[in-house]
Amino acid sequence: MLASSAILLLALTAGGIAAEAEDPRRAQIEALRSEAETHQQAGDLQSAAIAAVKHAALLEEVLDADDPQVGEAWKYAGLLAFRSGDYASAVTHFDRVVTLGERHLAPGDPQLGVALGNLASALQAVGSMARATETHQRALEVLIAAYGPDHVEVATPLARLGGLYERQADFASAQPLLERAIAIFEAEPTPHRSLPGVLAELVTVKVALGRLTEAASLAERAVELSQTDERPEARARPLHVLARVRSEQADYDEAARLFRQVLELTSQSTGGHDHPQMAQPLNELAMALRRSGDAVGARRAYERSLRISEESTGAIQFAFTPALSSLATLLLGQGDVEVALPMLQRALELTEAEEGATAIGTAKALHNYSNALSRAGRRDEAAQGYERALEIWVTQLGGEHHLVAMALIQFASMHSAHGDNDAARPLLERALGILVKARGEDHPDVAMAKGKLAVVHLAAGDVESALPMAQDSLRILEARLGPSHPSVAAAHYDLARVLVKKGATAEARQSTAAALSGITAFVDELLPTMSEREALRLTG
C-alpha cells in the first residue's frame, strides 16, 4: 500500500510553516491545506487532490525546495491523486518527491525507500512496467540497507515487487519474493495487517500455475485474517482472489457473489462509483456471470468495465484491454463476428505492445483473436495464431497447464468445423487428459472436451464411442451449472444427435425438447437487450 494518508496529514499538520517565514501567502497555504483535508475527510478525493497540488506548489514557492515540508506536501498530493484514480498525476507528484529526496536525504535513508516505493506503485498503475520494476528494486535495496533483509519494513517492498512480477506473468520471480514477505510478516508477534494482502498476491500466482487446492486454502486464510481490518480496500483484495478461485473451480454463482462484495468494498474505499479500480473486478464479475449463463448481466458488467477503463485518467492498460477483449468474446459467442473481430485484434495489439511477444497475456489475446478468425472463415490465419499461442503457453507454463488444454480444444474445434475430424480428435484427446488432471473429472471444462469429442466420434460414424462422451458431458454440465444453462441446452442437442444415430428415437425426442426449451429461454432473456442487427444475427 502507499504511505498512509493519516501519517501524511500528521506530518503536514505538525510541520506547518516555520514561524519566521512570515509571508502574505502563508494564510493561503494554510487554507489550501485545510481545504484538502476537509475534502479528503468528506470522501471527495478529486477535489482534495486539486487543493493539495495548489498547496504543494505554493509551499514550494515560499520555502526552499529542499525543506522537508515541500516533499511531504507533494507526497500528500501524490497519495490523493493515486486514490482518486488520477495515476498519471500521481506519477508526476511522486517523481517530484523522489527528486527532492535524492537532493537532501542520504542514499540509504528509509524515507527515500518509501518515496521510491510510492513512485513505483504509480508507475505500475499507468502501465510503465519496466520503470516500475526498476524503481521497486531500488526501493527494496534502500530499505534493506536501512533495516536489514529480515526487517518487517522490508516485507512490503518485497511483496510489491513480487506483485509486479505476478502482473507480468513472471511467476518464477514472483513466488519466492511473496513467500519471503509472508515469512517476515508471520514472524511478527501478532498478525501483521499487510499479511492478508500478500497472501492474496500469492493466491494469484497459484491460480495462474493451476494449483487450485493450494490457492483455495491460502485465499480462505487471507479472507479470515482480513475480517478485523477496518479498511475496506484491505478486505476487498482477499475476497477478490477467493472469487477468482471459486470461478476457476466452476462455482460461478459464489464467484459472482464475492465479486459483488469486492465492488462494494472498492466503491467504499475509493469514494467513487466508477473509479478505475472498479474496472477489473467488474470484468471478472462479467466473466463469472457469462459462465453461469447470465448473458444479460455479463454484457452490462462488461460494458461498464470498458467505459470506466476508457474514461479513466492515466488508467491502467491491463484494466482496459481485458474489458475490451471480454466484451468482444461475448459478442463473438452471440454470432457478431463482424464487430468482435476488430475489437479482439485491437486487444491483441495493445497486449503485445505492453507485455511483449512471448508473454502469457499475449498468448491469451492471440488465442481469442484466433477464435474470431476461425469464426470468420480465415482458417489459415487462425491456425497460425493457435499454434503461436500454444507455443507460448507450453514454453511459459508447461505442457500440462489447463490453458494449453483450452487452446487445444479451440484449435480442434476449428478443424472440426471444416470437416477435418482426423486432425481434431488427437487434439481433443490430449486436451481431455490434461483437464482431468488439472481440473478434476467433474469440471465444466472436462464436460466441454467430452462433448466435442462426442461430436467428432459421431462424425466418424463411431456411435458407441460418442454416446458415453455425450452422456458424461450432459451429466457434468447439469450438475455443475444447473438445467437452465445454455451450455446444458447445447449438450442436450449433441446427445440427441447421437441418440438419433443409435436409433433411440424416443430418448432423442426428449433431449431435443430439452435443448429447444433451454435455447428458447436463453434467447427470450437476451433479445430485449440487443439491437435489431444483433437480434437478427442471433435468430436468423
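This structure is a prediction, so every number in the text was calculated from the model and none was measured. (Residues numbered from 1 in each chain as written. Predicted model: local features only at pLDDT ≥ 70, side-chain atom pairs only at ≥ 80, totals over all residues. Heavy atoms only, no water.)

## Some remarks on the overall build of the protein
From N to C terminus, the protein includes 26 helices and zero strands. Scaling as 2.2 N^0.38, a compact globule of 540 residues should have a C-alpha radius of gyration of about 24 Å, and the protein matches this with 27 Å. Expressed along its principal axes, the backbone C-alpha trace of the protein runs to roughly 100 × 50 × 45 Å. In the protein, which comprises 540 residues, the share counted as buried stands at 54%. Here the contacts in the protein between residues at least 6 apart in sequence split such that 60% fall between residues at least 24 apart. (Helix = DSSP H or I, 4+ residues; strand = E, 2+ residues; numbered from the N terminus. Rg over C-alpha atoms; globule rule 2.2 N^0.38 Å. Buried < 20%, exposed > 50% of the residue type's maximum accessible area, 1.4 Å probe, protein only. Contact = heavy atoms within 4.5 Å.)

## Considerations on helix H23 (residues 463-481)
For H23, which comprises 19 residues, the first-to-last C-alpha distance of 26 Å matches the rise-based estimate of 27 Å (1.5 Å per residue) to within 8%. For H23, the complete set of buried residues consists of Val463, Ala466, Leu467, Ala470, Ser473, Leu474, Ile476, Leu477 and Leu481. Backbone geometry just after H23 places Gly482 at a positive phi near 90°. (Expected span 1.5 Å × (residues − 1).)

## Thoughts on the pattern of salt bridges
In the structure shown here, the tally under the stated rule is 31 salt bridges. Note that Glu381 is salt-bridged to Arg378, the shortest N-O span being 2.9 Å. The exposure class assigned to Glu381 is partly exposed, which follows from its relative accessible area of 38%. On the accessibility criterion, Arg378 (31% relative accessible area) is partly exposed. Taking the shortest distance from any N to any O, the salt bridge between Arg475 and Asp472 comes out at 3.6 Å. You can see Arg475 and its partner Asp472 sitting in helix H23, three residues apart, about one turn around the helix. On the accessibility criterion, Asp472 (25% relative accessible area) is partly exposed. (Salt bridge = Lys/Arg side-chain N within 4 Å of Asp/Glu carboxyl O.)

## Description of the confidence of the model for the protein
The predicted model of the protein has a mean per-residue pLDDT of 87, with 90% of residues at 70 or higher. Contacts of residues 3-21 to residues separated by more than four positions or lying in other chains number 38 contacts, the stretch itself having pLDDT below 50. Note that pLDDT drops below 50 for residues 535-540; the model gives that stretch 12 contacts with residues more than four away or on any other chain. (pLDDT = per-residue confidence, 0-100.)

## Notes on unusual backbone geometry
With a phi close to 70°, Ala250 is a non-glycine residue in the positive phi region. Along the polypeptide, Ala250 turns up in the loop between helix H12 (232-248) and helix H13 (252-270).

## Considerations on the packing of aromatic side chains
The final tally for this structure, using the stated rule, is two aromatic pairs. Measuring from centroid to centroid gives 5.1 Å for Phe82 and Tyr87, while their planes differ by 65°, and the two rings are edge-to-face. Per residue, the accessibility class of Phe82 equals that of Tyr87, and both read buried. A centroid spacing of 5.4 Å and a plane angle of 35° characterise the contact between Tyr386 and Phe411, whose relative ring orientation is tilted. Pair noted here: Tyr386 is in helix H19 (residues 379-397) and Phe411 is in helix H20 (residues 402-417), with a separation of 25 residues, a long-range link. (Phe/Tyr/Trp six-rings, centres within 6.5 Å; stacked < 30°, edge-to-face > 60°.)

## A word on the environment of Glu72
With respect to the secondary-structure elements, Glu72 resides in helix H4 (residues 68-84). Spatially, the C-alpha atom of Glu72 lies 8.5 Å from that of Ala56, the residues being 16 residues apart in sequence.

## Things to note about the packing of helix H5 (residues 87-104) against helix H6 (residues 110-125)
One way to put it is that H5 packs onto H6 with a least axis distance of 8 Å and a crossing angle of 155°. Taken together, the axes of H5 and H6 lie roughly antiparallel to each other. As for the relative orientation of H5 and H6, their crossing is left-handed in sense. Across the interface between the two elements, Tyr87, Ala90, Val91, Phe94, Asp95, Val97, Val98, Gly101 and Glu102 from H5 touch Leu112, Ala115, Leu116, Asn118, Leu119, Ala122, Leu123 and Ala125 from H6. (Axes fitted to C-alpha atoms, helices over the stretch in contact; angles between N-to-C directions. Parallel < 35°, antiparallel > 145°, perpendicular 65-115°, else oblique. Left-handed = near helix turned anticlockwise from the far one by under 90°.)

## Observations concerning the nonpolar core
Ranked by size, the top nonpolar core spans 128 residues in total, and within it Val203 and Trp393 carry the most contacts. If one sorts the elements of this core by residue count, H20 sits on top with nine residues. Among all residues touching Val203, those that are not within four sequence positions of it are Ala215, Leu218, Ala219, Val241 and Val245. Of all hydrophobic cores here, the second largest spans 42 residues; its members include Leu32, Ala51, Ala115 and Ala132. (Core = buried A, V, L, I, M, F, W, Y, C linked by side-chain atoms within 4.5 Å.)

## Digging into the packing of H20 against helix H21 (residues 421-439)
Viewed as axis vectors pointing N to C, H20 and H21 meet at an angle of 160°, and their least axial separation amounts to 8 Å. Judged by the inter-axis angle, H20 sits roughly antiparallel to H21. Two packed elements cross with a definite hand, and for H20 against H21 that hand is left-handed. Across the interface between the two elements, His402, Val404, Ala405, Met406, Leu408, Ile409, Phe411, Ala412, His415 and Ser416 of H20 pack against Asn421, Ala423, Ala424, Leu427, Leu428, Arg430, Ala431, Ile434, Leu435, Ala438 and Arg439 of H21. Split into classes, the residues belonging to the contact of H20 with H21 amount to 15 nonpolar, four polar and two charged. (Nonpolar A, V, L, I, M, F, W, Y, C, P; charged D, E, K, R; others polar.)

## Some words on the side chain of His93
With respect to the element layout, His93 can be found in helix H5. Under the relative-accessibility criterion, His93 is labelled buried at 9%. Excluding its chain neighbours within four sequence positions, the residues that come into contact with His93 are Val53, Trp74, Ala77, Gly78 and Ala81.

## A look at helix H24 (residues 486-502)
Over its 17 residues, H24 runs 25 Å from end to end, which matches the ideal 24 Å to within 8%, given 1.5 Å per residue. All buried positions along H24 are accounted for by Val488, Ala489, Ala491, His492, Leu495, Ala496, Val498 and Leu499. Gly503, located one to two residues past H24, shows a positive phi value of around 90°.

## Considerations on the environment of Val203
Tracing the chain through its elements places Val203 in helix H10 (residues 195-208). Judged by its relative accessible area of 0%, Val203 is buried. Remark: the alpha-carbon pair of Val203 and Ala470, spanning 267 residues in sequence, is separated by 34 Å.

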